[in-house]
Amino acid sequence: MARTDIGTIAKVAAPRMILFLITVVLYFSLIGLTERRTIESTVLKCLPIVSLWVFVLLTGFELKKSHRYKHLILVGLIFSCSGDILLNYDLFEAGMAGFGVAQIFYISAFGFQPVRPWFGLPLYGLGAAAVALMFHNLPTIIKICLPIYGILLLTMCWRSLARIDSAKNIFRMACGLGSVLFVISDSIIAFDKFYSPVSNAQFAIMITYYVAQFGIALSVIEQTSPVKTAKSPTPKKSQNGIKQKKIS
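Conventions and cut-offs
Here the residue numbering is sequential within each chain, running from 1 through the sequence in written order. Local features in this predicted model are restricted to residues of pLDDT 70 or higher, and side-chain atom pairs are both shown and tallied only at a pLDDT of 80 or more, whereas totals for entire chains, interfaces and linings draw on every residue. In computing side-chain values, all of the structure's heavy atoms are included and hydrogens and water are not. Any residue with relative accessible area above 30% and no salt bridge may belong to a patch, with like charges joined within 9 Å and the nonpolar Val, Leu, Ile, Met, Phe, Trp and Tyr side chains within 5 Å. Note on areas: Shrake-Rupley with a 1.4 Å probe; residue coverage comes only from the protein chains shown. By definition here, a salt bridge exists when the distance from a side-chain nitrogen of Lys or Arg to a carboxyl oxygen of Asp or Glu is within 4 Å. Starting at the N terminus, helices and strands are each numbered in turn, a helix being any DSSP run of H or I of at least four residues and a strand any DSSP run of E of at least two. Each residue gets one of three labels from its accessible area relative to the maximum for its type: buried under 20%, exposed over 50%, partly exposed in between, using a 1.4 Å probe on protein chains only. For a helix, the expected span equals 1.5 Å multiplied by the number of residues minus one. In this analysis, two residues are considered to be in contact whenever any of their non-hydrogen atoms come within 4.5 Å of each other.

> What's the story with a nonpolar patch on the surface in this structure? I'm lost.
On the surface, Ile 18, Ile 22, Leu 26, Leu 30 and Leu 33 cluster together into a nonpolar patch covering about 460 Å² of accessible area. Along the chain, Leu 26 falls in helix H1 (residues 6-30). Residue classification places Leu 26 among the partly exposed residues on the basis of a relative accessible area of 34%.

Shown next, in the form of structure tokens:
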């Protein structure tokens, strides 16, 4: 499925989006009624990502080498969920480690060809500037962890963007957009926590995060085998299935 369109998304992906949309609505509707560091808030936070596990599994998931991309994206989603759980219990460093492993799996899925360094270099430059801006506010351990995680996050974004070969490839475009939103979501977390409070930070963090993960998960549809076209009808036999003889 080298080239995709909106029609393909409507037919193949839309029915599988419903669970994700329901869980996102549940999160934003009910999270205000729960307290942080509780099972209820943790379940609500993780449900949209768990629904994306289901999304990936429903796209013809098989334990074959040809499905390696799907395997890696699924494992990335699983580690992202572990990061969500740890962050919800204020285990920030451990949560960052969970997301760091998720980024490694996403990077492995996207690969390093084509290189296209013009996508990566500006990202690393902006990342270095952001870390330098808040560096003096960082706890000692975060001064080590944040740059490492930032490199993994920005590498994931670079490799996702580098895969876009055409604006007509909707799934790679969605993945690229998702990777950018992932960077934005994590940047809001960092600025809100270590530099200056961000207005409506939690809403901005979670909406960009969920859309980011959905864009990345959506990219597995590209590897889904297209629906086989109907076989051309066999020539009809003459009445009673008897071939007409040639009149000499």
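> Please explain the pattern of salt bridges as it appears in this structure.
A side chain with one charge can pair with a side chain of the opposite charge if their charged atoms come near. Across all of its chains, the model carries five salt bridges by this definition. Close ionic contact of Glu 222 with Arg 163 constitutes a salt bridge, the shortest N to O distance being 3.8 Å. Within this pair, whereas Glu 222 is found in the segment after helix H8 (201-218), its partner Arg 163 is found in the loop between helix H6 (140-162) and helix H7 (170-194), the two being separated by 59 residues in sequence. With a relative accessible area of 8%, Arg 163 lands in the buried category. Across the pair Arg 172 and Asp 165 runs a salt bridge, and its minimum N-O distance is 3.9 Å. Of the residues examined, Asp 165 reaches a relative accessible area of 41% and is grouped as partly exposed. Several salt bridges share partner residues, and in doing so they unite Arg 163, Asp 165, Arg 172 and Glu 222 into one network.

> Even after reading the chapter, I still don't get helix H4 (residues 92-110), so can you show me in this structure?
An α-helix turns once per 3.6 residues; consequently, residues spaced three or four apart project the same way. With 19 residues, H4 extends 27 Å between its outermost C-alpha atoms, agreeing within 8% with the 27 Å of an ideal straight helix rising 1.5 Å per residue. All buried positions along H4 are accounted for by Phe 92, Gly 95, Met 96, Gly 98, Phe 99, Gly 100, Ala 102, Gln 103, Tyr 106, Ile 107, Ala 109 and Phe 110. In this structure, the buried residues of H4 make contact with helix H3 (68-88), H6, H7 and H8. Where H4 ends, the next residue or the one after it, Gly 111, has phi of about 75°, a positive value.

> What should I look at first to understand unusual backbone geometry in this one?
The linkage connecting Gln 113 with the following residue, Pro 114, adopts the cis geometry, with an omega of -5°. Tracing the backbone through its elements, the reader meets Pro 114 in the loop between H4 and helix H5 (117-134). For Asn 200, which is not glycine, the phi torsion reads 50° and is therefore positive. The residue Asn 200 is located in the loop between H7 and H8 in this model. Exposure remark for Asn 200: the relative accessible area of 62% places this residue in the exposed category.

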